[in-house]
Amino acid sequence: MNRRESLKVLMAASGGLIALPAWADQWQKGDVATHPSTFSTDEQALLASTADTIIPQGAVLGALVVGVDKFLQKLFDDCYEPEVQQNIKEQLKKLDADAHATYGQPFPLCTQKQRETLLLKRSTSADKNEKDFFTLLKTETIRGFSTSRQVMVNILEYKTAPGHYYGCVNA
């Protein structure tokens, strides 16, 4: 290990940390780049309403309250193959078209019961793509909800270090 090189790197990093507050003084929330989603705004609304249908707002929390819709967008964009992403987008369009044909309004504006009916129809569909879409959406919505910070801490009472260490106890 070269001590001179280490000191140079340490000093440069320290200088950067000192200059950061002056450089980032006027940041706004909108200035910071967010996740660029491949889903259009209509598809994002459909994805949010399906997550809200699977886990609706109850007495405590719902899927939208803990941000499952944003979780699903990022998950589908970053972790799934383009074929799966394309199937999700196609099935969202079919779901919205089915809502228009059945109830005369878009899927996000349907009642909870109407949305449940439309989604449950996909769970028993003979079309493999529809059934896969429903299974994937349901599984990932439940995973996103149950692993969110609010659910883990407030409902499941998760602790990062289980148990408590009691040192120096009388035997």
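Residues numbered from 1 in each chain as written. Predicted model: local features only at pLDDT ≥ 70, side-chain atom pairs only at ≥ 80, totals over all residues. Heavy atoms only, no water.

1. Examining the packing of aromatic side chains
In plain terms, the rule: Only the six-membered ring of Trp is used, alongside the rings of Phe and Tyr, when aromatic pairs are assigned; centres must lie within 6.5 Å, and planes under 30 degrees apart are stacked while those over 60 apart are edge-to-face, with the rest tilted. Only protein chains enter the area calculation, which uses a 1.4 Å probe; residues under 20% of their type maximum are buried, those over 50% are exposed, and those in between are partly exposed. Here, a charge over a ring is recorded when the distance from Lys NZ or Arg CZ to the ring centre is within 6 Å and its angle to the ring normal is within 35 degrees.
For the structure on display, the rule yields one aromatic pair. With centroids separated by 5.6 Å and ring planes inclined at 65°, the aromatic side chains of Phe 76 and Tyr 80 adopt a geometry described as edge-to-face. According to the relative accessible area criterion, Phe 76 is buried, its value standing at 0%. Relative accessible area serves as the criterion here: at 22%, Tyr 80 is assigned to the partly exposed category. A cation over an aromatic ring shows up here: Lys 89 above the ring of Phe 39, its NZ or CZ 5.3 Å from the ring centre.

2. Here's the deal with helix α5 (residues 112-123)
To be explicit about the condition: Segments assigned H or I by DSSP are reported as helices when at least four residues long, segments assigned E as strands when at least two residues long, and all are numbered from the N terminus. A helix is expected to reach a length of 1.5 Å times the quantity of its residues less one. The criterion used for residue contact is that any of the two residues' heavy atoms lie within 4.5 Å.
If you check α5, its first and last C-alpha atoms are 17 Å apart, about what 12 residues at 1.5 Å a residue would give, namely 16 Å. Of all the residues in α5, the buried ones are Gln 114, Arg 115, Leu 118, Leu 119, Arg 122 and Ser 123. Summarising the contacts, the buried residues of α5 are in contact with α2 (41-54), α4 (82-103) and α6 (128-146).

3. Some remarks on α6
Over its 19 residues, α6 runs 27 Å from end to end, which matches the ideal 27 Å to within 8%, given 1.5 Å per residue. Residues Glu 130, Phe 133, Phe 134, Leu 136, Leu 137, Glu 140, Thr 141, Gly 144 and Phe 145 constitute the buried set of α6. Summarising the contacts, the buried residues of α6 are in contact with α2, α3 (68-79), α4, α5 and α7 (149-155).

4. Describing the pattern of salt bridges
Should the charged atoms of two oppositely charged side chains come close, the side chains can pair. How we decide: What makes a salt bridge here is a side-chain nitrogen of Lys or Arg within 4 Å of a carboxyl oxygen of Asp or Glu, nothing more.
Taken as a whole and assessed by the stated rule, the structure comprises seven salt bridges. Measuring nitrogen to oxygen at the nearest pair gives 3.9 Å for the salt bridge that ties Lys 8 to Glu 5. Linking Lys 8 with Glu 5, this pair stays in helix α1 (residues 3-23), spanning three residues, or about one helical turn. What makes Glu 5 partly exposed here is its relative accessible area of 41%. Each of the salt bridges in this network shares a partner with another, and the network as a whole consists of Asp 98, Lys 121 and Arg 122.

5. Some details on the packing of α5 against α6
The criterion, for reference: An axis is simply a line fitted to the C-alpha atoms; with a helix, the fit covers only the stretch in contact. Between two such axes, the angle follows the N-to-C directions and lies from 0 to 180 degrees. Oblique is the label for any angle not covered by the other classes, which are roughly parallel (under 35 degrees), roughly antiparallel (over 145) and roughly perpendicular (65 to 115). All residues other than Ala, Val, Leu, Ile, Met, Phe, Trp, Tyr, Cys, Pro, Asp, Glu, Lys and Arg, Gly among them, are scored as polar; the first ten of these are nonpolar and the last four charged.
Across the interface, α5 lies against α6 with an axial gap of 7 Å and an inter-helix angle of 120°. Classified by the interaxial angle, the pair formed by α5 and α6 is oblique. Along the contact surface, α5 presents Leu 119, Leu 120, Arg 122 and Ser 123, while α6 presents Glu 130, Lys 131, Phe 133 and Phe 134. Looking at the contact of α5 with α6 residue by residue, the classes come out as four nonpolar, one polar and three charged.

6. What about the side chain of Thr 141?
Within the fold, Thr 141 resides in helix α6. For Thr 141, a relative accessible area of 0% translates into the label buried. Contact partners of Thr 141, with chain neighbours within four places excluded, come to Ala 51, Ile 54, Ile 55, Val 68 and Leu 72.

7. So, a nonpolar patch on the surface
The condition that has to hold: Exposure above 30% relative accessible area and the absence of a salt bridge qualify a residue for a patch, where like charges join within 9 Å and nonpolar side chains (Val, Leu, Ile, Met, Phe, Trp, Tyr) within 5 Å. Surface accessibility in these figures is a Shrake-Rupley result with a 1.4 Å probe; residues are shielded only by whichever protein chains are displayed.
Among the surface-exposed residues, Val 60, Ile 155 and Leu 156 lie close enough to one another that they form a single nonpolar patch of about 290 Å² accessible area. The topology assignment puts Val 60 in the loop between α2 and α3.

8. Comments concerning the environment of Ile 54
Within the secondary structure layout, Ile 54 lies in helix α2. Here the alpha-carbon distance between Ile 54 and Arg 115, two residues 61 residues apart in the chain, equals 9.2 Å. In contact with Ile 54, not counting residues within four places along its chain, are Leu 119, Leu 137, Lys 138 and Thr 141.

Worth remembering: the numbers are spatial, not functional.
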